[in-house]
Amino acid sequence: MLKGKTALITGASRGIGRAVALRLAQEGMNIAVVYAGNTAAAEETARAVRETGAQANLYACDVADDAAVCALCKRVAEEMGPVYALVNNAGITRDKLAAQMKEEDFDAVLDVNLKGAFHFIRHTYTGFLRQRGGRIVNISSVVGLMGNAGQANYAASKAGLIGLTKSIARELAPRGVTVNAVAPGFIDTDMTRALPDGAREALQAQIPLKRLGAPEDVAAVVAFLCSDGAAYLTGTVIPVDGGMAM
Ligand code: NDP
């Protein structure tokens, strides 16, 4: 039963993270909404969460900042109790062909997408050990499985998340904590709306189901992984991609 338990979702102000927040709130979970700086969007997510009857607390934090994540995790534990479901979803892109990609473009994407997840796992780890249960879901990408021209930094961060997922899954399995990854394909959010029209259409043509995914398509799978029904899945990577990566 998820009712009354706490979910911490990074990047919950917009897109996939917002949809996950609403879906877990519908299951009765209280939501720690972590976001970078878009307070108006985070407040809108919190309002929608509260409409379901669940609690929503807002936490602005750069996931790349380990000390800030440490302080945030302490605050969440004090204000909302132990985190039962951690969803590492915050992510950015800085696309360029590798020859043009600066080291800072590479580092920034790795710092948010990969180290951000590590920071949250590190600072909730003891709480998970104490609970002897819980769920961690890392949002990877189909690009982490297939690679993508112009996204060497992003693909490396998302492939790295898969190794992180499997390692932490092995560490926490004896305590009944499951750790899984979801690998979305092309989902209709601000991230993909930034693509030029031609690129979106070309991508859509490669998707067997012939449409971009909705954030809710990903949220449904994350909610399943957080549920009691997923108790015997750990260390897996579930594609939610309309068949792209098969
Ligand atoms: P959006 O660009 O729509 O939203 C990004 C979210 O991450 C926002 O809530 C943003 O906060 C937050 N965020 C960004 N940087 C930081 C940071 N440094 N610290 C804290 N929060 C941060 O992204 P999507 O919903 O499209 O993507 C969500 C995840 O899914 C990402 O990890 C992405 O890589 C992955 N994904 C997305 C796909 C897609 O097609 N959209 C496909 C595959 C994977 P704020 O609003 O404050 O800026």
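Residues numbered from 1 in each chain as written. Predicted model: local features only at pLDDT ≥ 70, side-chain atom pairs only at ≥ 80, totals over all residues. Heavy atoms only, no water.

With that out of the way, let us pick up the packing of aromatic side chains. Counted under the stated rule, the structure contains zero aromatic pairs. Its end group placed over the ring of Tyr84, Lys5 keeps NZ or CZ at 4.1 Å from the ring centre. (Phe/Tyr/Trp six-rings, centres within 6.5 Å; stacked < 30°, edge-to-face > 60°. Lys NZ or Arg CZ within 6 Å of the ring centre and 35° of its normal.)

The next point concerns the pairing of strand E5 (residues 134–139). Taken across its six residues, E5 has six buried, putting it largely inside the fold. In this sheet, E5 lies alongside strand E4 (residues 83–88) in parallel orientation, the contact comprising four bridges. Note on E5: the bridge partner recorded for Leu86 is Ile136. Handedness of the β-α-β unit built from E4, helix H4 (residues 103–131) and E5 comes out right-handed. Note: E5 against strand E6 (residues 177–184), six bridges, orientation parallel. By the bridge assignment for E6, Val137 is matched with Asn180. (Buried < 20%, exposed > 50% of the residue type's maximum accessible area, 1.4 Å probe, protein only. Helix = DSSP H or I, 4+ residues; strand = E, 2+ residues; numbered from the N terminus. Pairing = 2+ DSSP bridges. Right-handed = clockwise from strand over helix to strand, strands pointing away.)

As a matter of local geometry, the ligand sits amid 31 residues, with Ser13, Asn89, Tyr154, Gly185 and Thr189 nearest to it. Ser13 places a polar side-chain atom, nitrogen or oxygen, 2.6 Å from an oxygen atom of the ligand. For the ligand, an oxygen atom lies 3.3 Å from a polar atom in the backbone of Gly185. Within the complex, 93% of the 910 Å² of free accessible area of the ligand lies under protein. One can see that the ligand is located within the largest pocket. Those elements that place two or more of their residues in the shell around the ligand are helix H1 (15–26), helix H6 (152–172) and helix H7 (190–193). Among the elements that make up the shell around the ligand, the one with the highest residue count is H7 (three residues). Each residue belonging to the shell around the ligand can be placed in one class, and the counts come to 15 nonpolar, 12 polar and four charged. (Near = heavy atom within 4 Å. Polar contact = N/O pair within 3.5 Å; in protein donor to acceptor, adjacent residues only side chain to side chain. Areas by Shrake-Rupley, 256 points an atom, 1.4 Å probe, with all protein chains shown as cover. 1 Å grid on protein atoms, 1.4 Å probe; cavity = no way out; pocket = protein on both sides within 12 Å on 5 of 7 lines; lining within 4 Å. Sits in = over half its atoms within 2 Å of the grid points. Nonpolar A, V, L, I, M, F, W, Y, C, P; charged D, E, K, R; others polar.)

Our focus in this paragraph is the sheet that holds strand E7 (residues 237–240). Ordered by their spatial adjacency, seven strands build an open sheet running E3-E2-E1-E4-E5-E6-E7, and the pairing between neighbours is parallel. Looking at strand neighbours, the two that pair on one side only are strand E3 (56–60) and E7, the edges of this open sheet. For this sheet, the mean angle separating the axes of adjacent strands, direction not counted, is 20 degrees. Two strands pair when backbone bridges link them, and E6 and E7 are joined in this way by four bridges, in the parallel orientation. The residue bridging Pro184 from the neighbouring strand is Val240, located in E7. With respect to the sheet, helix H9 (residues 215–226) is in contact with E4, E5, E6 and E7, its orientation differing from that of E6 by roughly 165 degrees. (Axes fitted to C-alpha atoms, helices over the stretch in contact; angles between N-to-C directions. Contact = heavy atoms within 4.5 Å.)

If a probe as big as a water molecule is rolled over the atoms, it shows which places are left empty. The computed volume of the largest pocket comes to approximately 1,100 Å³. Lining the largest pocket are 47 residues, and of these Gly91, Ile92, Thr93, Tyr154 and Met191 sit closest to its centre. Mapped onto the lining of the largest pocket, the elements with two or more residues apiece are H1, strand E2 (30–35), H4, helix H5 (142–146), H6, H7 and helix H8 (197–205). Partitioning the lining of the largest pocket into residue classes produces 23 nonpolar, 19 polar and five charged. One number sums up the size of the second largest pocket: a volume of about 270 Å³. As for the second largest pocket, its lining consists of 16 residues, of which Cys73, Ala77, His123, Thr124 and Gly127 are closest to the centre. Listed by contribution, the elements that provide at least two residues to the lining of the second largest pocket are helix H3 (66–80) and H4. The element contributing the most residues to the lining of the second largest pocket is H4, with nine residues. (Points joined across faces, edges and corners; volume = space filled by probe spheres on them.)

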